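Tertiary structure, described
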Amino acid sequence: MKNMPIGDIKPKEDKDEVQTIDQPSSSMAPQDGSEPDKSLPNEDVHVPQEQIDEQAQDVGTPVQAPQVAPQRRSQLTSGHPKELIIGSPTRGVTTRSRNTAAFVQAYFFVSSIEPSTIDQALSDPDWVNAMHEELNNFTRNEVWTLEARPKGARVIGTKWVFRNKNKARLVGKGYSQVEGIDFGETLAPVARLEAIRFLLAYASHHDMKLYQIDVKSAFLNGYINELVYVEQPPSFEDPNHPNHVYRLSKALYGLKQAPRAWYERLRDFLIEKGFTIGRVDTTLFIKKTDNDLFVCQVYVDDIIFGSTNEEYCTEFGKMMAKEFEISMIGELTFFLGFQIKQLREGTFIYQEKYTRDLLKRFKMDDCKPIETPMATNIKLDPDESGIKMDQTLYRSMIGSLLYLFSSRPDIIVCLCARFQADPKESYLTAVKRILRYLKHTLTIGLWYSKGASFELLCYTDSDFAGCRVERKSTSGGCYLLGRSLISWSSKKQNCVSLSTAEAEYIAVGSSCAQHLYMKQTLKDYGVELTRIPLLCDNESVVKLTNNPVQHSRTKHIDIRHHFIRDHVAKGDILLRNVGTKEQLADIFTKPLDESNFCRLLGELNVLDARTIM
């Protein structure tokens, strides 16, 4: 089967002779034995004028040929008289080929049930075609070479993985690889979600339109340095050399070094074309030409790019198409679950589709909405006598909410995430309240407006001993580029604080590290900032950073929290006091009442899509 010719499955286009839906051909019938989709429109059966005249004579009434509307549908029954069938009854009823072809194309792209074994896939010509297409990718990319099986060499097995839309993937059994023999370094940089938001905010401020490219079979482009042999694909062995193995020259899906090999191939290619790598974010590639800037962010095989000059975007697309097999997706609208709207006034990021799917998955799509994610009087105590809940369900809900937290800073999941080891009914009730709040705010997201100021600003805050289990405090922080919220955090501190000043001081130290990261990232974009404001609502912390005196309440603080003093002295950070009502990070440390909660959301530019689009 290795040399079997492949080609696109196309419907038979014959203006005179095309089979109908009620008597499908073998290429159109579902392979799992189910009935064809009867929701698709059928064309009316064409009856010639001569036969209509004969029927009119039988009833004695003159009948004219009906003027059938294009959208009218005829219902064919199994009891249709044979004498009215034109031609051979075994041929099927004649219809227009135009709509039948559309039906076949639609049916081809409707995914059938995923095969669980190779035998099931081989019984379906669509899956066979998909497997041949996958092997053709190997040939085009020169991934491997068939060689005699070497004595004593390790040979890694292969298997077929089948996914929807008739996509078959041949993967290597990477779990059998041995470190030091089959692979070395495996770490591959992946863009952080806040780096994606950073690029979106920067592009919106500079009126740059972002585009997206997806590289097909990306891992098959990466060169590997190790000597790796793999078995021939199951059911596609060479009939002349069934015991031969393939020697890999490029990476194969499933191998541990495949992601890194692809990243190194793409990195070397972009550097050769004049790009520079970000000093902090190694998935960021930048190219400056005169006064124009081209920015490229890489997330595995998805590439986001934009430029102040639209011509550079076109040139980049052509350059990538010459080197790799790509599919130009065009303007960035959907990325990693984010729905992105690039409008004239700014950019809006939200996850409405993901939120609806989340509510449906946990059977909360019909729940009663509520205005806030948490009650102000909520206290999640160590509920020793509480009813135990399903741990898998609770962890699944928390994991889904944590991913949604990447675009919804208004949901405070940190508090509920602390009880995943032993979830109780009271904790599950708190999680369900968050889901009820999501039902009320399906279309909320982040708004990055154009024309706003472009300065980095940070707010940091902390509660005191908010965790009733370990009596630890919670640090909260938010980082804005102008009015665009780039990064935020809500995290329980690692140690028990003995005073409010110590808890705030630890939170400021954590924010300082994030501040320096964002400052360096801005330098990669060509923006130099000094004395970046860091706003805290505790005067003791401000004085402590400027006057390193060992007071009785602070002399016990760990030395690792004092590094903020050095950066204040260097001028990297300007620590200032801010009023409690103006502290935007307050929303990340504790539950708030509805009025304060909505006020802070407005200050953070967390808006409803219906007010923008």
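A brief structural summary. Position labels on residues start from 1 in each chain and follow its written sequence. Totals for whole chains, interfaces and linings use all residues, but because this is a predicted model, local features are given only for residues with pLDDT of at least 70 and pairs of side-chain atoms are given and counted only at 80 or more. Heavy atoms throughout the structure, all of them, feed into the side-chain values; hydrogens and water do not.

When its secondary structure is counted, the protein chain shows 15 helices and 22 strands. For the protein chain, the proportion of contacts with a sequence separation of at least 24, taken over those separated by at least 6, is 74%. For the accessible areas, the method is Shrake-Rupley and the probe is 1.4 Å, while residue cover comes only from the protein chains on display. Just so you have it, the protein chain exposes about 31900 Å², and 49% of that area is on carbon and sulfur atoms. Strands are runs of DSSP state E lasting at least 2 residues, helices are runs of H or I lasting at least 4, and numbering of each runs from the N terminus. A contact between two residues is defined here by any heavy atoms of the two lying within 4.5 Å.

The next subject is the sheet that holds strand β21 (residues 573-577). In this description, strands pair whenever DSSP reports at least two bridges between them. Strand order in this open sheet of five strands is β19-β18-β17-β20-β21, and the pairing throughout is mixed. A single partner strand is all that each edge strand has here, and the edge strands are β19 (484-492) and β21. Recorded for the sheet is a direction-independent mean angle of 20° between the axes of neighbouring strands. Of the pairings in the sheet, the one linking strand β17 (residues 456-462) to strand β18 (residues 474-481) comprises seven bridges and is antiparallel in character. Following the sheet pairing, Leu 456 is matched in β18 by Leu 481. Geometry is summarised by axes, namely lines fitted to C-alpha atoms with helices restricted to the contacting stretch, and by angles between N-to-C directions that run from 0 to 180 degrees.

Once that is clear, we can look at the packing of helix α8 (residues 352-361) against helix α9 (residues 391-404). Viewed as axis vectors pointing N to C, α8 and α9 meet at an angle of 170°, and their least axial separation amounts to 11 Å. If you check the angle between α8 and α9, you find them roughly antiparallel. Counted together, Tyr 354, Thr 355, Leu 358 and Arg 361 of α8 and Ser 400, Leu 401, Tyr 403 and Leu 404 of α9 form the full contact between these two elements. Should an angle fall under 35 degrees it is called roughly parallel, over 145 degrees roughly antiparallel, and 65 to 115 degrees roughly perpendicular, with every other angle called oblique.

The next thing to look at is α9. Spacing of three or four residues puts side chains on the same side of an α-helix, whose turn is 3.6 residues. For α9, built from 14 residues, the straight-helix expectation of 20 Å at 1.5 Å per residue is met to within 8% by its first-to-last C-alpha distance of 20 Å. Against the buried residues of α9 lie α8, α10 (414-417) and α11 (425-440). Pairing of N or O atoms within 3.5 Å defines a polar contact, subject to two protein rules: one partner must be a possible hydrogen donor and the other a possible acceptor, and residues neighboring in sequence count only if both atoms are side-chain atoms. Two to three positions downstream of the cap, the backbone nitrogen of Thr 392 sits 3.2 Å from a side-chain oxygen, assigning the N-cap of α9 to Asp 390. Multiplying one less than the number of residues by 1.5 Å gives the expected span of a helix.

Let's shift gears to the packing of aromatic side chains. For this analysis, a ring pair means two rings from Phe, Tyr or Trp (six-membered ring only for Trp) whose centres lie within 6.5 Å, classed as stacked if their planes differ by under 30 degrees, edge-to-face if by over 60, and tilted for the remaining angles. Under the defined criterion, the tally for this structure stands at 21 aromatic pairs. Plain terms: the ring middles of Phe 269 and Phe 324 are 5.5 Å apart, the flat faces sit at 80° to each other, and that makes the pair edge-to-face. Taken together, the residues Phe 269 in helix α6 (residues 258-272) and Phe 324 in the loop between α7 (310-323) and β12 (326-331) connect sequence positions 55 residues apart. Here Phe 269 matches Phe 324 in class, with each residue buried. The interplanar angle of 25° and the centroid separation of 5.9 Å between the aromatic rings of Phe 294 and Phe 305 together place this pair among those described as stacked. Think of it in three bands: residues with accessible area under 20% of the maximum for their type are buried, residues over 50% are exposed, and the middle band is partly exposed, with areas taken using a 1.4 Å probe on protein chains only.

A side-chain nitrogen of Lys or Arg and a carboxyl oxygen of Asp or Glu constitute a salt bridge if their distance falls within 4 Å. In the structure shown here, the tally under the stated rule is 19 salt bridges. A salt bridge links Glu 325 to Arg 140, with the shortest nitrogen-to-oxygen separation between them at 3.8 Å. In this pair, Glu 325 is assigned in the loop between α7 and β12 and Arg 140 in helix α4 (residues 125-141), connecting sequence segments 185 residues apart. Linking Arg 267 and Asp 268 is a salt bridge whose minimum nitrogen-to-oxygen distance equals 3.2 Å. Using a relative accessible area of 24% as the deciding quantity, one classes Arg 267 as partly exposed. On the basis of relative accessibility, which here comes to 41%, the residue Asp 268 falls in the partly exposed class. Connected via shared salt-bridge partners are Glu 133, Arg 140 and Glu 325.

The next subject is the packing of helix α12 (residues 500-524) against helix α13 (residues 539-546). In the contact formed by α12 and α13, the axes pass within 9 Å of each other and the chain directions differ by 65°. In this structure, α12 crosses over α13, and the sense of that crossing is right-handed. Listed contacts from α13 to Ala 501, Glu 504, Tyr 505 and Val 508 of α12 are Ser 540, Val 541, Leu 544 and Thr 545. We call Asp, Glu, Lys and Arg charged. Ala, Val, Leu, Ile, Met, Phe, Trp, Tyr, Cys and Pro are nonpolar, and the rest, Gly among them, are polar. Across the contact of α12 with α13, the residue classes tally to five nonpolar, two polar and one charged. By convention the crossing between two helices is left-handed if the near helix lies anticlockwise of the far one by an angle smaller than a right angle, and right-handed if it lies clockwise.

With that settled, consider the environment of Thr 276. Tracing the backbone shows Thr 276 in strand β8 (residues 276-277). The partly exposed category is assigned to Thr 276, whose relative accessible area is 47%. Put simply, Thr 276 and Asp 524 are 248 residues apart on the chain and 9.2 Å apart in space, counted from C-alpha to C-alpha. Discounting chain neighbours no more than four positions away, the residues touching Thr 276 are Leu 284, Phe 285 and Ile 286.

Now for α13. Among the residues of α13, those classed as buried are Val 541, Val 542, Leu 544 and Thr 545. Relative to the axis of α13, the buried residues are bounded by an arc of 165° and lie together on one face. For α13, the side-chain oxygen to backbone nitrogen distance between the N-cap and Ser 540 is 3.0 Å, and the N-cap itself is Asn 538. This arc describes the spread of directions from the helix axis toward the C-beta atoms.

For the rest of this paragraph, the subject is unusual backbone geometry. Residue Val 300 is not a glycine yet carries a positive backbone phi of 60°. The topology assignment puts Val 300 in the loop between β10 (292-299) and β11 (302-307). At Lys 363, a position not held by glycine, the phi torsion is positive, near 55°. Of note, Lys 363 is situated in the loop between α8 and α9. Classification of Lys 363 by relative accessible area gives exposed; the value is 74%.

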